[in-house]
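Read off the chains here:
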Amino acid sequence: MILAPHVNFYLTDNGGILQNRKTGGWWELNRLGAIALHLMLNGESVEFVGRRISVNFQLSESIVVVGVLALLRDLQFKQLAYYGTGVR
């Protein structure tokens, strides 16, 4: 996974923020979303992220994976990040 060239990602005390430099817009992530994005940007798989978050926060792994996939879909739809074949 990679961020679009016009996007910055900042970790905050309670989550994260994506800044779209093209539009000036901001997109706020909760703590789990920020952790998921951080791990994915460091080359981890959706499955790894699901396991890691589910263990650390005592959540259902399948529910976490669904949430991570929804986050990826939203980021791609908004053209903030790219994920898929050939992208790490």
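Residues numbered from 1 in each chain as written. Predicted model: local features only at pLDDT ≥ 70, side-chain atom pairs only at ≥ 80, totals over all residues. Heavy atoms only, no water.

Undergrad: Any details on the environment of H6? Residues and values, ideally.
TA: Assignment of secondary structure puts H6 in the loop between β1 (2-3) and β2 (7-12). Sequence-wise, H6 and G24 are 18 residues apart; in three dimensions their C-alpha atoms are separated by 10.0 Å. Not counting residues up to four positions away in its chain, the partners in contact with H6 are Q19, N20, R21, K22 and Q79. A polar atom in the side chain of H6 sits 3.3 Å from the backbone oxygen of Q79. (Helix = DSSP H or I, 4+ residues; strand = E, 2+ residues; numbered from the N terminus. Contact = heavy atoms within 4.5 Å. Polar contact = N/O pair within 3.5 Å; in protein donor to acceptor, adjacent residues only side chain to side chain.)

Undergrad: Explain the pattern of salt bridges to me, using residue names and the numbers behind them.
TA: With the rule as written, the count across this model stands at one salt bridge. Put simply, R73 and D74 hold a salt bridge, and the shortest N to O gap is 3.2 Å. Relative accessible area serves as the criterion here: at 28%, D74 is assigned to the partly exposed category. (Salt bridge = Lys/Arg side-chain N within 4 Å of Asp/Glu carboxyl O. Buried < 20%, exposed > 50% of the residue type's maximum accessible area, 1.4 Å probe, protein only.)

Undergrad: Lay out the packing of aromatic side chains with the relevant residues and their values.
TA: Counted under the stated rule, the structure contains one aromatic pair. Each ring, one from Y10 and one from W26, has its centre 6.3 Å from the other, and the planes form 35°; the classification is tilted. Of this pair, Y10 sits in strand β2 while W26 sits in strand β4 (residues 26-29), placing them 16 residues apart in sequence. Here Y10 falls in the partly exposed class, since its relative accessible area comes to 36%. (Phe/Tyr/Trp six-rings, centres within 6.5 Å; stacked < 30°, edge-to-face > 60°.)

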